[in-house]
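Spelled out, the chains give:
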Amino acid sequence: MTTPADQIIVALDVPTKEKAIGLVAKLRDQISFFKIGLQLYTAEGPEIVRAVLSTGAKVWLDLKLHDIPNTVARAVESASAFGVQMLTIHLSGGSEMIRAATAARTNNILLLGVTVLTSATEQTLREIGIADKVEDQVLRLAKLGVEAGIDGIVASPHEIKKLRAEFGNKIKIVVQGIRPTWAEPGDQKRFMTPRRAIEAGADYIGIGRPITTHPDPSEAVAKILQELAR
Ligand code: C5P
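Residues numbered from 1 in each chain as written. Predicted model: local features only at pLDDT ≥ 70, side-chain atom pairs only at ≥ 80, totals over all residues. Heavy atoms only, no water.

The geometry of helix α1 (residues 17–27) relative to helix α11 (residues 217–229) is characterised by a closest axis approach of 9 Å and an angle of 50° between their N-to-C directions. One element, α1, and the other, α11, form an angle in the oblique class. The interaxial crossing formed by α1 with α11 has right-handed handedness. Only P217, S218 and V221 of α11 make contact with α1, whose side of the interface consists of L23, K26 and L27. Residue composition of the contact of α1 with α11, by class: 4 nonpolar, 1 polar and 1 charged. (Axes fitted to C-alpha atoms, helices over the stretch in contact; angles between N-to-C directions. Helix = DSSP H or I, 4+ residues; strand = E, 2+ residues; numbered from the N terminus. Parallel < 35°, antiparallel > 145°, perpendicular 65-115°, else oblique. Left-handed = near helix turned anticlockwise from the far one by under 90°. Contact = heavy atoms within 4.5 Å. Nonpolar A, V, L, I, M, F, W, Y, C, P; charged D, E, K, R; others polar.)

Taken together, 12 residues lie near the ligand, and D13, K35, T118, R179 and R209 sit nearest. In the environment of the ligand, an oxygen atom lies 2.9 Å from a nitrogen or oxygen atom belonging to the backbone of G208. One nitrogen or oxygen atom from the side chain of R209 is found 2.6 Å from an oxygen atom belonging to the ligand. Within the complex, 82% of the 460 Å² of free accessible area of the ligand lies under protein. (Near = heavy atom within 4 Å. Polar contact = N/O pair within 3.5 Å; in protein donor to acceptor, adjacent residues only side chain to side chain. Areas by Shrake-Rupley, 256 points an atom, 1.4 Å probe, with all protein chains shown as cover.)

Moving on, we get to the layout of surface pockets. Estimated volume of the second largest pocket: approximately 170 Å³. Where the lining of the second largest pocket is concerned, the elements lending two or more residues are α6 (122–127) and α7 (134–147). By residue class, the composition of the lining of the second largest pocket is 7 nonpolar, 5 polar and no charged. (1 Å grid on protein atoms, 1.4 Å probe; cavity = no way out; pocket = protein on both sides within 12 Å on 5 of 7 lines; lining within 4 Å. Points joined across faces, edges and corners; volume = space filled by probe spheres on them.)

Within the secondary structure layout, G129 lies in the loop between α6 and α7. Residue G129 is classed as exposed on the basis of its relative accessible area, which comes to 64%. When the C-alpha positions of G129 and M1 are compared, they lie 46 Å apart, and in sequence the two are 128 residues distant. (Buried < 20%, exposed > 50% of the residue type's maximum accessible area, 1.4 Å probe, protein only.)

At their nearest, the axes of α7 and helix α8 (residues 160–167) sit 11 Å apart, and the two run at 40° to each other. Here α7 lies oblique to α8, going by the angle between them. As for the relative orientation of α7 and α8, their crossing is right-handed in sense. When α7 is examined against α8, the residues E135, L139, A142, K143 and V146 are found in contact with a partner set consisting of K162, L163, E166 and F167. For the contact of α7 with α8, the class distribution of residues is 5 nonpolar, no polar and 4 charged.

This part is about the side chain of R164. Along the chain, the position of R164 falls in helix α8. Exposure remark for R164: the relative accessible area of 15% places this residue in the buried category. The contacts of R164, once residues within four sequence positions are left out, are N169, I171, I173, G201 and D203.

What follows covers unusual backbone geometry. For K64, which is not glycine, the phi dihedral falls at a positive 45°. Looking at where K64 falls in the secondary structure, it is placed in strand β3 (residues 58–65). According to the relative accessible area criterion, K64 is partly exposed, its value standing at 25%. At N107, a residue that is not glycine, the phi angle is positive and equals roughly 60°. If you trace the backbone, N107 turns up in the loop between α5 (95–104) and β5 (110–114).

Here the focus is helix α3 (residues 46–53). Buried within α3 are the following residues: I48, V49, A51, V52 and L53. Residues of α3 that are buried sit in contact with α1, β2 (33–37), α2 (38–44), β3 and α4 (69–82).

Below you can see the structure in the form of structure tokens.
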């Protein structure tokens with residue numbers, strides 16, 4: 001059975017292996033899924049992935065791959081070989097790239113597609129020649145991904161309902177931009193509380209700073225779990 005704790009992924013957005021391992025050690029009793037993104041991976045490489053996996057935790061390798069189909073496929077093979085549970089690619093790479101990626105996955109890795117980054121606005125889309133609204137572009141890319149065999153979509157919590165209505169339970173939905181009521185929003189503008197995101201139908205919620213910058217990260221997790229259990 002899945003418990004609320006199984007649905008939380010803590011983003012290890014820290015600069016060094018020492019800090020990352022310190023956080024994992026503090027939280028490992030409560031949390032079993034961690035995200036390694038570009039900052040930590042660029043600094044520490046495969047070693048940090050192996051270190052987190054060696055604690056028995058699951059890893060989401062958030063590398064947001066976007067390159068020619070062959071290069072993305074070879075990177076998916078390498079990530080699959082690590083034994084990580086999830087990996088991200090940019091769906092704007094197009095259907096040929098997505099199909100090459102899904103064909104290359106092994107070891108039951110879940111391949112997640114990124115649609116439009118939450119930092120992008122309509123102005124950003126105009127700059128790169130896209131005349132559509134952000135939400136239309138999100139849905140277009142999600143459809144492209146699902147047709148090409150993607151396992152899940154990374155989304156803003158505000159996109160969950162539309163994605164579920166369109167794809168049902170065919171895909172996993174992983175959301176970020178999560179803020180408990182007691183946390184500072186930081187640069188997150190369109191956030192949602194953990195509880196509302198789960199109620200809206202997210203499979204996983206990725207949370208970073210509300211936990212990682214809290215004076216007591218373990219207490220932050222405990223508060224979030226309490227809210228989810230209520
Ligand atoms: O904001 P927080 O620290 O909780 O972010 C956790 C993750 O959410 C980050 O690792 C980043 O990938 C993602 N994020 C996002 N949109 C933002 C800021 C962060 O999707 N505006």
